[in-house]
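# Overview (structure and organization)
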Amino acid sequence: MNSLQPLNRKARKLAETRMAETGDVEALQQKSKKHGRVYYPLGCTIAFNPGWEVDVSGGTAGLCAPVERDLFDCYLGCAWPAQVPDHVSNNPDWTSKCNAAANDWRNVDVVYP
Amino acid sequence: MTAIEAASMAYHPAEHHRFEAAGKRFLYLVPSGAVFGLSGLSQEIFDLLENCPLSREELTGTLLGRGYELDDVETTLDEMEEFDVVSSGRPKKTFPSLPEQTFPIQRIVLNTTNQCNLACGYCYEYSDDKIAQTKDKPKYMSDAVAQAAIDTLVSESGGRSQLHVTFFGGETLLNFGLMRSSVEYATHKAGEAGKTVDFSLTTNATLLTEEIADFLAEHRIGVTVSIDGDKELHDRMRVFHSGKGSYDVIAPKIKMLLARHRTNSIGARVTLSNGVREVRRIYDHLTQEFGFQGVGFSPATANPDRLYHINGTKMDQVLDEFAELAWEYRDYAIKGGRHYFTNVSDTIKEVHLGISKAYTCGAGLGLLGVGTTGDIAACHRFVDSPVAQMGNVMNGGVDHETRREFLENHHIGARPDCHTCWVRPVCAGGCYHESYINHGETAASNLNQCDRIRGWIDLCLRIYGEISIENPKFLERFDDN
């Protein structure tokens, strides 16, 4: 869809329909032929997709967020049933003794449901 | 494969209208109403096929020779075929399907009276071209008829949750009492059915009072005021029965209305006629002197023999002034400002949404007009006339058989004159009432207007293209309503 650009709402709907019908799953490290760039997923709900754990070079240095940030992103900001205790109703004080995750991560204890 | 078969499989451009804006090329596709921008590979494919139909192999071979990759050519060609930018095989004509038998009614127009305190020369209800036959009919609609009409609206509205009632005349405010009671009744009845209802009013403004203005504001009633410009222009046609102009009476009342009623839109509706054609002058006066935030223009419906009919040359001059205002709208839109020329904004909205109409308008489809006798017509313009009638709200309600016949006869598929016209997704043949006045037949296409309509839509497409490049955010306002 590079040279043929949908302009009005009807054209955009046609393009979206085609994309839904013909679009394919792209592995995260695979450079898309169409767009020539790596596809980075947004959000954490696809964390189990293969490729999330490593960056485009196959390492971890280029990941969009270090693990300790993932912890707080899931705990504070995410409504999805995540792999950490939830801040909203069950474990509001889980990280109260962890002011700086890089230093205080040992204070974040195991939670037993 | 025979030569004929091979030729029939060749690709060619599908039905479209081509336009340019801000140095870029666009296609308006027919009948979908989709607008696509062309560049690079898609533009090359389109240009090749415009010159000569080509098979997929011929097309691919030519483009590979120009340095394109096979994968890109195939993907782009597939897209263009799927969106009906190009097609192979015989050219096909597709039309929207006929609506289901029980297509829900959403709006009724109550002609609350067939009387008017003005005697405008061009009025389609009272002039030489009038088709309404009001002799021996009640002059004013009764509460019983209005309530039966509202009951019909609610019972025929199917799954629609938002209903509309429009109050119309004659001069509507001659029967303000009915309007007041109908608003209360309709609100109650719609509420009982789990629906909401809103209201609008068309008036000549001569009878407006502060009490009426407050009522309109309280019930958020949209108002359309018929006014033709400054005193000199307005008083040429919009006169009392004595011949005296009405401008001096309405001007202070309109200012009072605009000051007191701020809960819904108040628009000006200008009827252009032979002596009243100064579009720019009228627009400036209505927006600057009164502060109207919506001004729409429409030429008077008139048989060409009438003195107030605008002839071809003069109509072209009118359209030149339309174009000047339309480009001004573009300038405002690009800067993110507001311009109040609703002829442009209405058209741009339809282009933006990609409307593809099966019918010119909602008459007989989602809208019905009701007269003082309770007779139901396709719209308010046919109320009390011998044509386009479809039942009576006091006696059996909507005549579905007649309505069905009306919808079959006026469907775009039944208007062969329109079948080769690129503008049919937005025009669909033109106003049935105009057709009847000019050609004596409601389902006749308004062929005398075709070139002008195509010119107008082309202009609006170019303006749309420019806005979409320079300030696409402006167009978001047309997305949801």
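Cut-off values and rules
Residues numbered from 1 in each chain as written. Chains lettered and ligands numbered in written order. Predicted model: local features only at pLDDT ≥ 70, side-chain atom pairs only at ≥ 80, totals over all residues. Helix = DSSP H or I, 4+ residues; strand = E, 2+ residues; numbered from the N terminus. Expected span 1.5 Å × (residues − 1). Buried ≥ 20, exposed ≤ 12 C-beta atoms within 10 Å, placed from the backbone. Pairing = 2+ DSSP bridges. Axes fitted to C-alpha atoms, helices over the stretch in contact; angles between N-to-C directions. Core = buried A, V, L, I, M, F, W, Y, C linked by C-beta atoms within 7 Å. Domains from an automatic or database assignment. Contact = placed C-beta atoms within 7 Å. Nonpolar A, V, L, I, M, F, W, Y, C, P; charged D, E, K, R; others polar.

What follows deals with helix 11 (residues 312–334) of chain B. Residues and elements named next belong to chain B. An ideal rise of 1.5 Å per residue puts 33 Å on 23 residues; helix 11 measures up with 33 Å between its terminal C-alpha atoms. Of all the positions in helix 11, only Phe322, Ala326, Tyr329, Arg330 and Ala333 are classed as buried. Following helix 11 by one or two positions, Gly336 adopts a phi angle in the positive range, close to 80°.

This part covers the sheet that holds strand 1 (residues 4–6) of chain A. Reading across the sheet, the four strands line up as 1(A)-4(B)-3(B)-2(B) and stay open at both edges, with antiparallel pairing between neighbours. Two strands bound the open sheet, and with one partner strand each, they are strand 1 of chain A together with strand 2 (16–21) of chain B. Each neighbouring strand pair of the sheet contributes to a mean axis angle of 30°, computed without reference to strand direction. Here four bridges tie strand 3 (residues 24–29) of chain B to strand 4 (residues 35–38) of chain B, and the two strands are oriented antiparallel to one another. Its bridge partner lying in strand 4 of chain B, Tyr28(B) is registered against Val35(B).

With that out of the way, let us pick up the nonpolar core. Residue and element names in this part refer to chain B. One finds Phe36, Val85, Ile108, Leu110, Ala149, Ala378 and Cys460 to be the most contacted residues of the largest nonpolar core, which totals 128 residues. Per-element accounting of this core gives the leading share, seven residues, to helix 16 (residues 450–470). Both of domain 1 (3–88) and domain 2 (107–401) provide at least three residues apiece to this core.

Before going further, it helps to examine the domain arrangement of chain B. Residue and element names in this part refer to chain B. Domain annotation of chain B identifies domain 1 (3–88) and domain 2 (107–401). Here the C-alpha centroids of domain 1 and domain 2 sit 45 Å apart. Taken together, the five residues of domain 1 in the interface contact four residues of domain 2. Of the residues that constitute the side of domain 1 that touches domain 2, the class distribution is three nonpolar, two polar and no charged.

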